[in-house]
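Analysis of the macromolecular model
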Amino acid sequence: MSSDTRPIPLRIANKTAYVWDVDDIAVIRSKHHICGVLTGTLPHLSQQNVFLGVPLVLMPEEAVLLVDIGAAVLVDDPSAYKQPTISQLQRWSAEQQESIRTQITYMETKTAKEGANSGRAMSEEALRKRKEREERKKAQTAAKAAAEASEEGDSSPSVQPISTPAETESTPTPTADLASSSTEASKNSSLPYTIVIPASSSSLEWYDASACTYSTIESAREAGVWEYPSTLAERARCGVFKDLWKQGYFMGGGIKFGGEYLVYPGDPLRYHSHFAASVVESPIASLRPMEIVAHGRLGTATKKAHLLCGWDDEKKEVSYLSIEWAGFG
């Protein structure tokens, strides 16, 4: 269970921040107004994108904001997996074997019950026909074996002693016992079972993230784990995102609406976005007239106002200008 007092671990892989714990996802959304995007899909329906789950992928701006306010730490997830010892692997293997045995035992019990129920459900006529078919198959097999034996007897002058069933049953051999045990083992191995993979890596004995956890962006950048923001454009995006966040807005990706962000007055599950925001790297940067027209018409067509956000890298301030298309002429 997630605690509101501890920093939320953001697992970093290939310079991307992931959140794997559902409780952490709830805290990030309800307390810190960070939504992210769920990207996990169903193993048996990997092509569908209707029902998505963990992990939650954060935009770089969201990850930087959470670390800056002390709500999260960056974890170099690939480096947290240490080389397991022999004893750790033996314990893990024993747990897996115990799980497999439990599953096989359950499947055997289930199969036996289903077989008994299906037998009772069959009518006497069906049972009689099944028995007749089995007897016919046995008779045909016996006749075929007798014919083959007679042919071999005619072609070979030597006579081999034939042991009686009583003698065979009364003198078991170690080879027969071994074959019996092998047959039983193959029977067990043919039953389906599932290899259980823990959902949380922290449950593995050889997972230790204490030496690869970073509480600041600078320390993570020095370790080569995280680089964002490293350019003026990235600093502008982080500055605009943080300023809108401080005003109580929720932000989501806005590429489908011609901007960097969609700006919501509340949780996107309850509200429609009011603005499609574009980040301008300087408050005095020039804009082409066609850009202004395109932003205005697209924003109005999607029932939004387009928000131009100018970032001043020297003063660390943001200025805003909204565009709406108005009918005239």
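See the structure shown above.
In this report, we go over the structure that sits alongside the text. (Residues numbered from 1 in each chain as written. Predicted model: local features only at pLDDT ≥ 70, side-chain atom pairs only at ≥ 80, totals over all residues. Heavy atoms only, no water.)

1. Observations concerning the overall build of the protein chain
The helix and strand tally for the protein chain stands at nine helices and 11 strands. The burial tally for the protein chain puts 28% of its 329 residues in the buried class. Taking contacts inside the protein chain between residues at least 6 apart in sequence as the whole, the part at least 24 apart equals 59%. For the protein chain, the computed accessible surface area is about 22,100 Å², with 57% contributed by carbon and sulfur atoms. (Helix = DSSP H or I, 4+ residues; strand = E, 2+ residues; numbered from the N terminus. Buried < 20%, exposed > 50% of the residue type's maximum accessible area, 1.4 Å probe, protein only. Contact = heavy atoms within 4.5 Å. Areas by Shrake-Rupley, 256 points an atom, 1.4 Å probe, with all protein chains shown as cover.)

2. Regarding the sheet that holds strand S10 (residues 305–312)
Here five strands make up an open sheet; going across it, the order is S7-S8-S9-S10-S11 and the pairing mixed. The outermost strands of the open sheet, each flanked by one partner alone, are strand S7 (250–253) and strand S11 (317–323). Taken pair by pair, the neighbouring strands of this sheet meet at an average axis angle of 30°, ignoring direction. Relative to S10, strand S9 (residues 275–280) runs parallel, the two sharing six bridges. When the bridges of S10 are listed, Ala276 appears paired with His306. (Pairing = 2+ DSSP bridges. Axes fitted to C-alpha atoms, helices over the stretch in contact; angles between N-to-C directions.)

3. Observations regarding the pattern of salt bridges
Applying the stated rule across the entire model yields 10 salt bridges. One salt bridge connects Glu61 with Arg237, and the closest N-O pair in it is separated by 2.8 Å. With a gap of 176 residues between them, Glu61 in helix H2 (residues 60–68) and Arg237 in helix H8 (residues 232–246) connect regions that are remote in the sequence. Note that Glu260 is salt-bridged to Arg237, the shortest N-O span being 3.8 Å. Of this pair, Glu260 sits in the loop between S7 and strand S8 (261–264) while Arg237 sits in helix H8; the two residues are 23 residues apart in sequence, bridging distant segments of the chain. Residues joined by salt bridges that share partners form a network here, namely Glu61, Arg237 and Glu260. (Salt bridge = Lys/Arg side-chain N within 4 Å of Asp/Glu carboxyl O.)

4. Section: H2
Working note: α-helix, 3.6 residues per turn, so residues spaced by three or four point in the same direction. Burial runs high along H2: seven of the nine residues are buried. Three or more residues of H2 are buried, namely Glu61, Glu62, Ala63, Val64, Leu65, Leu66 and Val67. Gly70 sits one or two positions beyond H2 and adopts a positive phi of about 80°.

5. Topic: the sheet that holds strand S2 (residues 16–19)
Here we have six strands laid out as an open sheet, ordered S3-S4-S2-S1-S5-S6, and mixed in their pairing. Sheet topology places strand S3 (37–40) and strand S6 (213–214) at the edges, where each strand pairs with a single neighbour. Pairing between strand S5 (residues 72–76) and S6: two bridges, direction antiparallel. Directly across from Val75, in S6, lies its bridge partner Thr213. In the packing of helix H1 (residues 22–32) onto the sheet, the strands contacted are strand S1 (8–13), S2, S3 and strand S4 (53–58), and the crossing angle to S1 comes to about 110°. Packing of H2 onto the sheet brings it into contact with S1, S2, S4 and S5, and relative to S4 it is tilted by some 85°.

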